[in-house]
Amino acid sequence: VPVWRDPSNLGLVLHMWSSGFVVNGLAATSTGVLAGYLNVPSYIVNGASSLTGAPLIFSALLGALSDAKPILGFHRRPYMSL
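Reading the values: the criteria
- Residues numbered from 1 in each chain as written.
- Predicted model: local features only at pLDDT ≥ 70, side-chain atom pairs only at ≥ 80, totals over all residues.
- Heavy atoms only, no water.
- Helix = DSSP H or I, 4+ residues; strand = E, 2+ residues; numbered from the N terminus.
- Buried < 20%, exposed > 50% of the residue type's maximum accessible area, 1.4 Å probe, protein only.
- Phe/Tyr/Trp six-rings, centres within 6.5 Å; stacked < 30°, edge-to-face > 60°.
- Axes fitted to C-alpha atoms, helices over the stretch in contact; angles between N-to-C directions.
- Parallel < 35°, antiparallel > 145°, perpendicular 65-115°, else oblique.
- Left-handed = near helix turned anticlockwise from the far one by under 90°.
- Contact = heavy atoms within 4.5 Å.
- Expected span 1.5 Å × (residues − 1).

K.L.:
For this particular structure, what's the right way to read unusual backbone geometry?
P.N.:
Most peptide bonds take the trans form, and the phi angle of most residues other than glycine is negative. With a phi close to 55°, asparagine 39 is a non-glycine residue in the positive phi region. You can see asparagine 39 is positioned in the loop between α1 (10–37) and α2 (42–51). Overall, asparagine 39 belongs to the exposed group, its relative accessible area being 62%.

K.L.:
Explain the packing of aromatic side chains to me, please; I cannot follow it from the model alone.
P.N.:
Two measures describe an aromatic ring pair: the distance that separates the ring centres and the angle between the ring planes. Scanning the model with the defined rule gives 1 aromatic pair in all. Between tryptophan 17 and phenylalanine 21 the ring centres are 5.4 Å apart and the planes differ by 15°, which places this aromatic pair in the stacked class. One end of the pair is tryptophan 17 and the other is phenylalanine 21, both in helix α1 and 4 residues apart, which spans about a single turn. The same class applies to tryptophan 17 as to phenylalanine 21, namely exposed.

K.L.:
How do you make sense of the packing of α1 against α2 when you look at a structure like this?
P.N.:
What describes two packed helices is the angle between their axes and the distance between those same axes. Viewed as axis vectors pointing N to C, α1 and α2 meet at an angle of 160°, and their least axial separation amounts to 9 Å. As the angle between them shows, α1 and α2 are arranged roughly antiparallel. Crossing angle aside, the handedness with which α1 passes α2 is right-handed. Residue-level inspection shows Ala27, Thr31, Leu34 and Ala35 of α1 in contact with α2, the latter providing Val45, Ala48 and Ser49.

K.L.:
Explain α1 to me, please; I cannot follow it from the model alone.
P.N.:
Two residues of an α-helix separated by three or four positions point the same way, owing to the 3.6 residues in each turn. Relative to the 40 Å expected for 28 residues at 1.5 Å per residue, α1 spans 39 Å between its end C-alpha atoms, a close match to the ideal helical length. Turning to α1, its buried residues are Ser19, Val23, Ala27 and Ser30. Buried residues along α1 sit against α2 and α3 (54–68). Looking one or two places after α1, you find asparagine 39, whose phi comes out positive at around 55°.

Structure (structure tokens):
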């Protein structure tokens, strides 16, 4: 069982915290701008806020892909440029 307070796991904890902070902040900001200033219909605002969470879903898939299929012997670096 991993201990989240262990310093070796601190990078994972900070990554997930900052990703959630950025994605939720982006969704809240885009919702306010689209609905408040631009008077966009609510179904479009809901769709846009749902799309802001898509990078978190694809990050796990891309991480698994980069671990399974290295490009030129590298696991993470070439996939980060995609």
